[in-house]
Amino acid sequence: MPDDAASTTRQHTSAPIEHVDVLVVGAGISGIGAARYLAVEHPQRTVVVLEGRERLGGTWDLFRYPGIRSDSDLHTFGYEFKPWRNREAIADAHQIVDYLRETVEENGLAEKIRYQHRVISADWSSEQARWVVEVERGDTGERLTLSAGWLFAGTGYYDYEQGYSPEFPGRERFTGQVVHPQHWPEDLDYSDKKVVVIGSGATAVTIAPAMADRAAGVTVLQRTPTYILPLPRVDTIALAFSRVLGAERGFKVARRKNIAQQRAIWRLCQRFPRQARRFIRWTNARELPEGFDVDRHFNPPYDPWDQRLCLVPDGDLFAAISDGKVEMVTDRIATFTETGIALESGQHLEADIIVTATGLNLRVAGGIALAVDGRPVTFSETVVHRGTMMSGVPNFSLAIGYTNSSWTLKIGMLCEYLCQLLRHMDDNGYDTAWVVADPDQETRPLLDFGAGYVQRSLSMLPKQGAAAPWLMSMDYHSDRRLLDGPLLSEGLTFSGPAVRSGQRRSLADA
């Protein structure tokens with residue numbers, strides 16, 4: 001690491017600024033989880049959570065489209081340390097936000113969260129072994145500076161300012177309303193309106209049945225089908241565990257059961273894709289009306305779990321199709337018209353409202369401009385270490401969850417790892433940790449996932465290596481074994497006052 005901080009960093013340190021031991025960015029499910037782990041494992045450390053919006057909840061408070069809910073069970077999507085006690089295992093957004101509020105209250109985290117504080121940039125000073133962080137207050141417009149010993153980006157990987165919407169020919173001709181789910185108008189009245197939902201992913205299959213009861217009709221227009229499976233909203237087995245074993249033990253057993261179930265489904269799909277495809281098709285055909293064209297509308301051209309499997313609670317989408325409230329159309333858009341959408345097949349879809357459920361954009365670390373000693377960090381030139389640290393970027397954690405299982409399972413382990421790492425640094429007199437990647441090692445895209453929002457963004461994401469600790473593992477049990485194993489691993493490097501004064505200590509000696 002360079003010994004001299006850039007002049008741009010020094011100018012911020014001439015006047016006293018507030019310093020915190022760990023700065024957590026984001027008060028969503030990742031950031032709140034990190035704050036809780038740190039509060040319990042490192043109560044002596046000062047921890048501050050900065051949230052750019054005026055409320056906690058992240059995704060679950062920001063998105064307001066009809067029907068928004070989890071597509072993972074809350075026994076695994078919730079925290080390991082806080083049992084999910086609601087009857088419904090598949091939860092609506094407001095239930096998840098309530099759960100997060102309870103977590104904040106129960107763990108005394110409210111005083112650590114500062115709302116309407118958006119992190120603009122962060123520059124690491126090797127000379128001072130700290131981050132210099134520029135923050136903008138949304139309520140006053142004021143710019144302020146903090147310093148932090150460690151930076152934890154609990155920001156997820158979505159761009160929360162702008163969703164993805166392709167350029168549709170003739171869009172300006174449409175006289176109705178076009179809505180993207182990420183910016184859902186609170187006053188949108190779709191009663192007795194004809195609605196076309198463009199998209200085939202989790203958002204589209206959530207919105208369509210949720211709007212169907214009030215709308216005059218809902219059409220889901222998809223270019224390519226998606227694998228969709230029904231899932232009970234209420235996990236009766238988990239409820240039985242709680243009745244027999246008690247709430248605490250019942251939750252733990254249900255959590256283990258669901259982790260194993262998620263892993264088994266993913267592995268079976270990967271190992272036996274043809275059989276998995278047949279099973280999913282059989283399930284779809286059983287749920288849909290007789291004579292429905294299953295192969296046209298529910299038969300993707302890729303194998304199961306090449307993209308995320310969509311789950312519909314209690315088969316609500318299939319029920320809405322069976323009741324004639326939702327129509328599926330698989331075709332390509334030729335152009336928007338004044339009254340709807342003309343398709344390449346020649347069909348015309350009449351619409352009063354068009355919902356572009358066309359996906360999201362990715363953004364690393366919430367768009368924070370990172371620099372090390374004044375030199376900007378280019379994320380695509382870094383390699384991720386143990387799924388959280390980036391090569392050449394000291395005292396920084398990136399929080400990205402699983403794409404093939406519940407997001408929070410991974411986040412919990414990343415938080416545990418951070419707590420272990422900080423304890424090791426305390427025990428050895430270190431104040432700086434970073435990873436050095438072998439420039440000759442084989443690298444590949446961070447996420448091996450076929451979803452459009454991932455493929456569009458791979459060029460700007462960090463890379464991963466071919467083997468641990470550089471592998472971005474998507475296997476809970478492998479990650480669990482790695483976490484329970486030795487803390488020190490290839491590429492991990494430490495520094496502290498004694499090291500910088502000449503008393504060098506190598507990783508092998510640590």
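Residues numbered from 1 in each chain as written. Predicted model: local features only at pLDDT ≥ 70, side-chain atom pairs only at ≥ 80, totals over all residues. Heavy atoms only, no water.

Regarding the overall build of the protein
Here is step 1 of the chain: Summing up its helical and strand segments, the protein has 15 helices and 25 strands in all.
Here is step 2 of the chain: For 510 residues, the compact-globule formula gives about 24 Å, and the C-alpha radius of gyration of the protein, at 24 Å, lands near that figure.
Here is step 3 of the chain: Each principal axis of the C-alpha distribution contributes one length, and for the protein these read about 80 × 55 × 45 Å.
Here is step 4 of the chain: Counting all 510 residues of the protein, 53% fall into the buried class.
Here is step 5 of the chain: Considering only residue pairs separated by 6 or more positions, the protein has 71% of its internal contacts joining residues 24 or more positions apart.
Here is step 6 of the chain: When the accessible surface of the protein is totalled, it reaches about 22,200 Å², and 48% of it is carbon and sulfur.
Here is step 7 of the chain: When the 55 positive and 65 negative side-chain charges of the protein are each reduced to one mean point, those points stand 5 Å apart. (Helix = DSSP H or I, 4+ residues; strand = E, 2+ residues; numbered from the N terminus. Rg over C-alpha atoms; globule rule 2.2 N^0.38 Å. Buried < 20%, exposed > 50% of the residue type's maximum accessible area, 1.4 Å probe, protein only. Contact = heavy atoms within 4.5 Å. Areas by Shrake-Rupley, 256 points an atom, 1.4 Å probe, with all protein chains shown as cover. Lys, Arg positive; Asp, Glu negative; His and termini not counted. Charge placed at Lys NZ, Arg CZ, Asp CG, Glu CD.)

Observations concerning the confidence of the model for the protein
Here is step 1 of the chain: Model confidence for the protein is summarised by a mean pLDDT of 92, while 95% of its residues fall at 70 or above.
Here is step 2 of the chain: When the criterion is pLDDT under 50, residues 1-13 qualifies, and its contacts beyond four places in sequence or with other chains add up to 30 contacts.
Here is step 3 of the chain: Predicted confidence is poor over residues 504-510, with pLDDT under 50, and the contacts of this stretch with residues over four places away or in other chains come to 11 contacts. (pLDDT = per-residue confidence, 0-100.)

Quick notes on the layout of surface pockets
Here is step 1 of the chain: Considered as a void within the structure, the second largest pocket measures approximately 790 Å³ in volume.
Here is step 2 of the chain: Contributing to the lining of the second largest pocket are 35 residues, with Leu229, Leu231, Gln261, Ile265 and Leu311 lying nearest its centre.
Here is step 3 of the chain: Of the residues in the lining of the second largest pocket, the class split is 18 nonpolar, 10 polar and seven charged. (1 Å grid on protein atoms, 1.4 Å probe; cavity = no way out; pocket = protein on both sides within 12 Å on 5 of 7 lines; lining within 4 Å. Points joined across faces, edges and corners; volume = space filled by probe spheres on them. Nonpolar A, V, L, I, M, F, W, Y, C, P; charged D, E, K, R; others polar.)

Quick look at the side chain of Thr76
Here is step 1 of the chain: Note that Thr76 resides in helix α4 (residues 74-77).
Here is step 2 of the chain: Polar side-chain contacts of Thr76 include one of 2.9 Å to the side chain of Asp73.
Here is step 3 of the chain: Among the polar contacts made by the side chain of Thr76, one reaches the side chain of Gln262 at a distance of 2.9 Å.
Here is step 4 of the chain: Apart from the residues within four sequence positions on either side, Thr76 is in contact with Arg255, Asn258, Ile259, Gln262, Ser406, Thr408 and Leu409. (Polar contact = N/O pair within 3.5 Å; in protein donor to acceptor, adjacent residues only side chain to side chain.)

Observations regarding the sheet that holds strand β14 (residues 340-343)
Backbone hydrogen bonds are what pair the strands of a sheet, in a parallel or an antiparallel way.
Here is step 1 of the chain: Read from one edge to the other, the open sheet built from three strands follows the order β13-β14-β15, with strand pairing classed as antiparallel. Looking at which strands have only one partner, the edges of the open sheet turn out to be β13 (333-336) and β15 (348-350). The mean inter-strand angle of the sheet, taken between neighbouring strand axes irrespective of direction, is 20°.
Here is step 2 of the chain: Across three bridges, β13 lies against β14 in antiparallel orientation. Residue pairing in the sheet places Ile333 in a bridge with Leu343 of β14. (Pairing = 2+ DSSP bridges. Axes fitted to C-alpha atoms, helices over the stretch in contact; angles between N-to-C directions.)

Notes on the nonpolar core
Here is step 1 of the chain: One finds Leu370 and Phe396 to be the most contacted residues of the largest nonpolar core, which totals 141 residues.
Here is step 2 of the chain: When residues of this core are assigned to their parent elements, the largest contribution, 12 residues, is made by helix α12 (residues 407-428).
Here is step 3 of the chain: Phe174, Val329, Leu343 and Ile354 belong to the second largest nonpolar core, which has 13 residues in total. (Core = buried A, V, L, I, M, F, W, Y, C linked by side-chain atoms within 4.5 Å.)

Some words on empty space enclosed by the protein
Here is step 1 of the chain: Tallied over the entire structure, the rule returns two cavities of 30 Å³ or more.
Here is step 2 of the chain: Of the voids in this model, the largest cavity is the one considered here, and its volume is about 110 Å³.
Here is step 3 of the chain: Elements that contribute at least two residues to the lining of the largest cavity include exactly α8 (247-271) and α14 (476-484).
Here is step 4 of the chain: The biggest single contributor to the lining of the largest cavity is α8, with four residues.
Here is step 5 of the chain: Of the voids in this model, the second largest cavity is the one considered here, and its volume is about 80 Å³.
Here is step 6 of the chain: Going through the elements one at a time, α2 (29-41), α12 and α14 are the ones with two or more residues in the lining of the second largest cavity.
Here is step 7 of the chain: Of the residues forming the lining of the second largest cavity, the biggest block, seven residues, is contributed by α12.
Here is step 8 of the chain: Partitioning the lining of the second largest cavity into residue classes produces seven nonpolar, four polar and four charged.

Digging into the packing of helix α7 (residues 236-245) against α8
Here is step 1 of the chain: With their axes 7 Å apart at the nearest point, α7 and α8 run at an angle of 145° to one another. In the crossing of α7 with α8, the sense of the turn from one axis to the other is right-handed. In this structure, α7 contributes Ile237, Ala238, Phe241, Ser242 and Leu245 to the contact, and α8 contributes Ala247, Arg249, Gly250, Phe251, Val253, Ala254 and Lys257.
Here is step 2 of the chain: For the contact of α7 with α8, a count of residues per class yields eight nonpolar, two polar and two charged. (Left-handed = near helix turned anticlockwise from the far one by under 90°.)

Regarding unusual backbone geometry
Here is step 1 of the chain: Going from Ala468 to Pro469, the amide bond is cis rather than trans, its omega being 5°.
Here is step 2 of the chain: Position of Pro469 relative to the elements: it lies in the loop between β24 (463-465) and α14.
Here is step 3 of the chain: With a phi angle near 55°, Arg386 is a residue other than glycine that sits in the positive phi range.
Here is step 4 of the chain: Note that Arg386 resides in the loop between β19 (384-385) and β20 (389-390).
Here is step 5 of the chain: Owing to a relative accessible area of 8%, Arg386 belongs among the buried residues under this scheme.

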